[in-house]
Structure formats: structure tokens, C-alpha cells
Amino acid sequence: MPQSDTLISVRDVELSFGPKIIQQNVSFDLKRGSIFAVMGGSGCGKSTLLKSMIGLLPPTTGQILVGGEDYWAQNEHRRTQINHRFGVLFQSGALWSSMTVGENVALPLEMFTTQPPDVVRKLVEVKLGLVGMEQAIDLYPSEISGGMRKRAGLARAIALDPDILFFDEPSAGLDPITSARLDDLILTLRDGLGATIVIVSHELPSLFAIADDGIFLDARTHRPIAHGSPRTLRDNSSIPEVMAFMNRSSTIPTTDETKADRHV
Amino acid sequence: MRTKDLITDLWNAGPNALLIVGVVNFLIGAILAFVGLVELRRFAAEIYVTNLVGIACAREISAIMTAIIMAGRTGGAYAARISTMLGNEEIDALKVFGIPISGYILLPAILSLSLMMPLLYLYGTLIGIFGGFVVSMSMMDVSPMGYWMSTVNGVELREFAFGFVKAFFFGSFIALAACRVGLMAGRSAADVGIAATRAVVIGIVGIIAMDAVFAVMANALGI
Ligand SMILES: Nc1ncnc2c1ncn2[C@@H]1O[C@H](COP(=O)(O)OP(=O)(O)OP(=O)(O)O)[C@@H](O)[C@H]1O
Ligand SMILES: [Mg+2]
């Protein structure tokens, strides 16, 4: 594929917390306009990988190129500028607890745009409407449910219309209907805004439906063990861990560690 | 910085602390007067209790006691709040958006405590002197007006200025230390408790150490 198609390129990245290696030899290209799935068992380092892509955790080795620029080689000021292209939904939602849902979505707009307050308010309503949260605009994060927090976090992530979106388990804690609506929203964001989306998810049906590329991280070997779209991995992978994951099977012989995980 | 955050922090660091700061300083003033009167009586110098209470409160005790109270309630609260935000990934979210943490989280907290501490100190000193007055009225033979005049004559304004300046530095120190401890904390619920405790301990020890430095400096400068 031509170089210009690659928006983010992760090259031989190693992630660790102190001496504890989480993942190594992570390499993949994120194509413009694609929906990229990061898959793997719980605790394998999916959120950690996202952290290194959004500027929260420098990789121990390797490079992350964003639009051809070596992200971690830039100074903090430049990294912050690059970050303005990012919209991030954290696994926990990470809403600012001292602000209402509406204020959470409004803050980035107030900080980084010059819109007058009434326009900001309108925009906030629109963004919250996209995730079905307009009625919660004046509630505090402590007053809403986990799934609502997720959706509010999503509205905040897309507040500035970023062109690269990182969603850490957006559908965890959502009912099937809201979750399906979320898939539609993600496709709309991609097709309507031309956004590129990195999504961490365990929702297999949703992954099969929307993701067109992906990586599978293994917790035991601390390495990616498969690349490709979730559909391809489901149909063609011969790796036992991947097969078991994709087919929601608990019987495929895997390691003791993964078995233990599954029964917790 | 959001005005709303600043107002909340100002309120918590100021008006909300009036009761406890008042009670503690009143009792301290009362205790000083009581102990002072018993001793001074032996030298027939009871009236100098006004100087004792006034100077002790204005120069040292009110600033220190108020700072210790504020380290316990506000410093601990700041550290707990910030480390909770850290655990909730709220700080991470700010970083990713490129919203400066110093302006959004730290500035309202530090500003509030730095501004409110000197005011609380003044209030605390006056209450302390009043505590001494109440005890003196019941233990010695002096008119309220006489006690007041003796206080005004005995306690110079610069004692208040000295305490006022110290209180400002104590407040800034407590807030800075608490913010730092909060930001350095771990991310679990237990870490929040540890951060709060640490902020209080560092605050109290730091205040006392700073006060010692101030005392030496004041001595050298002849204040
Ligand atoms: N701050 C940290 N310090 C040390 N180790 C950490 C830290 N955060 C995460 N880890 C470790 O890194 C590993 C990967 O964590 P991560 O949160 O990336 O997992 P995950 O794949 O997102 O899991 P899940 O699907 O449950 O969200 C885990 O084994 C965890 O113990
Ligand atoms: Mg995770």
C-alpha cells in the first residue's frame, strides 16, 4: 500500500512497567479510515498499548510514527499538538468527577475552540445526543451508571471531531441495543468524519461487524501472535489461543494460565 | 482554571474552616492565659498576661496551629482528591487532551490555601486573644477596657505582620506539598489513604521546620 495510507505505524515496540515486560515486538500499521481491533485476553496489555499510542506511556524500545513523525522523539509541546488529532475513550470512562457530564464534553471545546458559549452548549447537546445521553447533561459522573459514563466519555472523545479515535472497550457495560447503536455510531464516525479508529473490545459480534484490521496480543508470550481482521482470524487462524478467543470456546487446549483466567 | 473550581476551593479552605480554627485558637488562648496567670501572679505581674497571650498568638501559636489544622483537613483532602483523580485516569484524560494539569487541578487548590491561610491566621489570632481575655476576666481583677488597652500597648503590629507573612508561606507549602504527594501517589484505593496521610505528615513537619527557620531569620533581622 502507498505510504500516505498509513496513519500510524507501530514499529517493534516494547512496553513495560519497570522490569515487568507487558508486550514486545509489537508492529502494525494503522491505515487511514480503517477500524483497527486490539484483541487479547484480559490483562494482556491492550490498554497499555493504547496508552503508549496516546502519549501516556513511552515504549521501552521501538517507535510509533504518527503521520510519519516519530511521536515519542518529539518534545512534549509537539506531542500535545499531535494529541489534538486524538480522541480517547478510557476503559474507565475517566470523566472529570468535579464537572457535570455536559461540562466534561464542553471543557475541550472551551479550551481549544473559540466558539461562543451558546454554540458550545449546542455542540455538547449534539455530541451527547449521538450517544443517547442528552438527558444526563447536568448530572455528575457519580450520579450516572457505568455504561452511561462510558457513553459520556465517548461523547467527550469526539467533542473536537478528532481524526484518530481510540476506544478502550466502548461497549463494555452496555445493553445489546445500545451496543449495536454504538457500532453504527462508530461506522458513522469513520464514514462521516473520515476518522480512523482503534478499538479494544471483547464484543466479538461487533468486532466481526465493524473491524477491518487488527492485532491479537498474547498474555503468556507477551507478544502479538496474530495480525488481521477479526473475521479473517475467526475463519482462518490456526493458532489455538486465537481460535478459542474468536469462537468463544473454553475447550480448546490452551495454557494453564489462560484457563485459570477464564474460570475466575 | 475554572472559576467554579476556585470558588469551591476558596470556600473549603476559608469559610468552611472557621469553626474549627476558631475553637482551637480560642482554647489555645485560654490555656496560655491560664498558665500565664498562675506563673505571673507569683511576681505580681498579672497584667502582662496580655502580652504573653497576644505576642504568643500573633507571632507563633496561631500561625502554627491554624497551619496544622489546615494541613490536616485541606492538605489531606487535596492529596486524596488528586490521587483519586489519578486512579480514575482523570489526570491521564487531561494529559491526552493537552489540558495543563497545573492550571486545572493545582492552581485553584494552591491559590485558595495560600490566600485563605493569612486570613484564617488573623481570625485565629483574634479569637486566641479573646480566649485569653475570657479566662483573664474570670481569674484576675482587671476591667475589659484595661485588658484591651494593655493588649494594644503590649502587642506591636509587626507581630501580626510577621505571623501574616508566615501564614501565607505555610499555606502555600501545605498546598504544594499536598499536590505533589497526590500526583506522585499510586493508583489504588489504598494509595489514596497513603497519599492523604503522607500529605498531612509532610505538611505538619514542614510547617514546624519552616517556623524554626523563620524564628532564626527574624532573630537575625531583629524583627
Ligand atoms: N500502572 C501499572 N503498573 C504496573 N503494571 C501494570 C500497570 N498497569 C497495568 N499493569 C499490568 O499490565 C498488564 C496489562 O494491563 P492492561 O491494563 O493493558 O490489560 P488489558 O489487556 O487492557 O486488560 P483488560 O482487558 O482487562 O482491560 C497487566 O498484567 C497489569 O498487571
Ligand atoms: Mg484494558
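Here, the structure is the one placed above.
Report follows, based on the coordinates. (Residues numbered from 1 in each chain as written. Chains lettered and ligands numbered in written order. Predicted model: local features only at pLDDT ≥ 70, side-chain atom pairs only at ≥ 80, totals over all residues. Heavy atoms only, no water.)

## Let's talk about the packing of aromatic side chains
- In the structure shown here, the tally under the stated rule is 13 aromatic pairs over all chains.
- On the basis of an interplanar angle of 85° and a centroid distance of 5.0 Å, the ring pair of Phe216 of chain A and Phe245 of chain A is categorised as edge-to-face. Linking Phe216 of chain A in strand β9 (residues 213–218) with Phe245 of chain A in helix α9 (residues 240–246), this pair joins segments that are 29 residues apart in sequence. Just as Phe216 of chain A is buried, Phe245 of chain A falls in that class too.
- Between the aromatic rings of Phe162 of chain B and Phe214 of chain B, the centroid separation amounts to 6.3 Å while the plane-to-plane angle is 80°, which identifies the pairing as edge-to-face. Of this pair, Phe162 of chain B sits in helix α7 (residues 157–184) while Phe214 of chain B sits in helix α8 (residues 189–221), and the two are 52 residues apart along the sequence.
- A residue is classified by how much of its surface remains accessible, and Phe162 of chain B, at 9% relative accessible area, is buried.
- For Phe214 of chain B, a relative accessible area of 11% gives the class buried.
- Through a chain of ring-to-ring contacts, the aromatic side chains of Phe162, Phe168, Phe169, Phe170 and Phe214 of chain B assemble into a single cluster. (Phe/Tyr/Trp six-rings, centres within 6.5 Å; stacked < 30°, edge-to-face > 60°. Helix = DSSP H or I, 4+ residues; strand = E, 2+ residues; numbered from the N terminus. Buried < 20%, exposed > 50% of the residue type's maximum accessible area, 1.4 Å probe, protein only.)

## Some words on the pairing of strand β10 (residues 223–227) of chain A
- Across 4 bridges, the pairing between β9 of chain A and β10 of chain A is antiparallel. In the sheet register, Phe216 of chain A faces β10 of chain A, and the bridge partner there is Ala226 of chain A. (Pairing = 2+ DSSP bridges.)

## What about the environment of Ile101 of chain B?
All names here are of chain B.
- Tracing the backbone shows Ile101 in helix α5 (residues 101–139).
- On the accessibility criterion, Ile101 (16% relative accessible area) is buried.
- A sequence separation of 100 residues divides Ile101 from Met1, and the C-alpha atoms of the two residues are 9.4 Å apart.
- Discounting chain neighbours no more than four positions away, the residues touching Ile101 are Ile91, Leu94, Lys95, Leu106 and Leu183. (Contact = heavy atoms within 4.5 Å.)

## Comments concerning a nonpolar patch on the surface
Residues and elements named next belong to chain B.
- On the surface, Leu19, Val23, Leu27, Ile31, Phe34, Val35 and Val38 cluster together to form a nonpolar patch covering roughly 660 Å² of accessible area.
- Along the chain, the position of Leu27 falls in helix α2 (residues 18–41).
- The class of Leu27 is partly exposed, set by a relative accessible area of 46%. (Patch = residues over 30% accessible without salt bridge, like charges linked within 9 Å, V, L, I, M, F, W, Y side chains within 5 Å. Areas by Shrake-Rupley, 256 points an atom, 1.4 Å probe, with all protein chains shown as cover. Salt bridge = Lys/Arg side-chain N within 4 Å of Asp/Glu carboxyl O.)

## Observations regarding the sheet that holds strand β8 (residues 196–200) of chain A
All names here are of chain A.
- Across the sheet, 6 strands lie side by side as β6-β7-β8-β3-β9-β10; this open sheet has mixed pairing. If you trace the sheet from one side to the other, it starts and ends with β6 (86–89) and β10, each paired once. Averaged over all adjacent pairs, the angle separating strand axes in this sheet is 20°, with direction ignored. (Axes fitted to C-alpha atoms, helices over the stretch in contact; angles between N-to-C directions.)

## Focus: the coordination of the magnesium ion (ligand 2)
Residue and element names in this part refer to chain A.
- In this structure, Ser47 (OG) and Gln91 (OE1) serve as the protein donors to the magnesium ion (ligand 2), at separations of 1.9 to 2.1 Å. Of the two residues, Ser47 is situated in helix α1 (residues 46–53) and Gln91 in the loop between β6 and α3 (101–112); the sequence distance between them amounts to 44 residues.
- Assessed through its relative accessible area of 36%, Gln91 is described here as partly exposed. (Donors = N, O, S within 2.8 Å, 3.2 Å for Na, K, Ca; no water.)

## Focus on the interface of chain B and chain A
- Counting from both sides, the interface comprises 16 residues of chain B and, opposite them, 24 residues of chain A.
- The largest contributions to the chain B side of the interface with chain A come from Glu89, Val96 and Phe97 of chain B, which together make up 39% of the buried area.
- With a shortest N-O distance of 3.5 Å, Arg2 of chain B and Glu103 of chain A are connected by a salt bridge.
- Counting across the interface, chain B meets chain A through 7 residue pairs in polar contact (both at pLDDT 80 or more).
- Listed by contribution, the elements that provide at least two residues to the side of chain B that touches chain A are α1 (3–13) and α4 (90–97) of chain B.
- A per-element tally of the side of chain B that touches chain A places α4 of chain B first, with 7 residues.
- Of the residues contributing to the side of chain B that touches chain A, the split by class is 7 nonpolar, 2 polar and 7 charged. (Buried area = accessible area lost by both parts, 1.4 Å probe. Polar contact = N/O pair within 3.5 Å; in protein donor to acceptor, adjacent residues only side chain to side chain. Nonpolar A, V, L, I, M, F, W, Y, C, P; charged D, E, K, R; others polar.)

## Points about the layout of surface pockets
Residue and element names in this part refer to chain A.
- Of the volumes computed, that of the second largest pocket is approximately 460 Å³.
- Lining of the second largest pocket is provided by 28 residues; of these, Gly45, Lys46, Ser47, Thr48 and Gln91 occupy positions nearest its centre.
- At the level of elements, β2 (20–31), α1, β6 and α10 (256–263) are the ones that each hand at least two residues to the lining of the second largest pocket.
- Examining the composition of the lining of the second largest pocket, we find that 5 residues originate from one element, α1, more than from any other.
- In terms of residue class, the lining of the second largest pocket is made up of 11 nonpolar, 9 polar and 8 charged. (1 Å grid on protein atoms, 1.4 Å probe; cavity = no way out; pocket = protein on both sides within 12 Å on 5 of 7 lines; lining within 4 Å. Points joined across faces, edges and corners; volume = space filled by probe spheres on them.)

## Details of the sheet that holds strand β4 (residues 61–66) of chain A
Residue and element names in this part refer to chain A.
- A sheet is described by the order of its strands in space; here 4 strands give the open sequence β2-β1-β4-β5, paired in antiparallel fashion. Strands with a single pairing partner mark the edges of an open sheet, and in this sheet they are β2 and β5 (69–70).
- Pairing of strand β1 (residues 6–17) with β2 involves 8 bridges; the strand directions are antiparallel. Bridged to Val13 within β2 is Val26.

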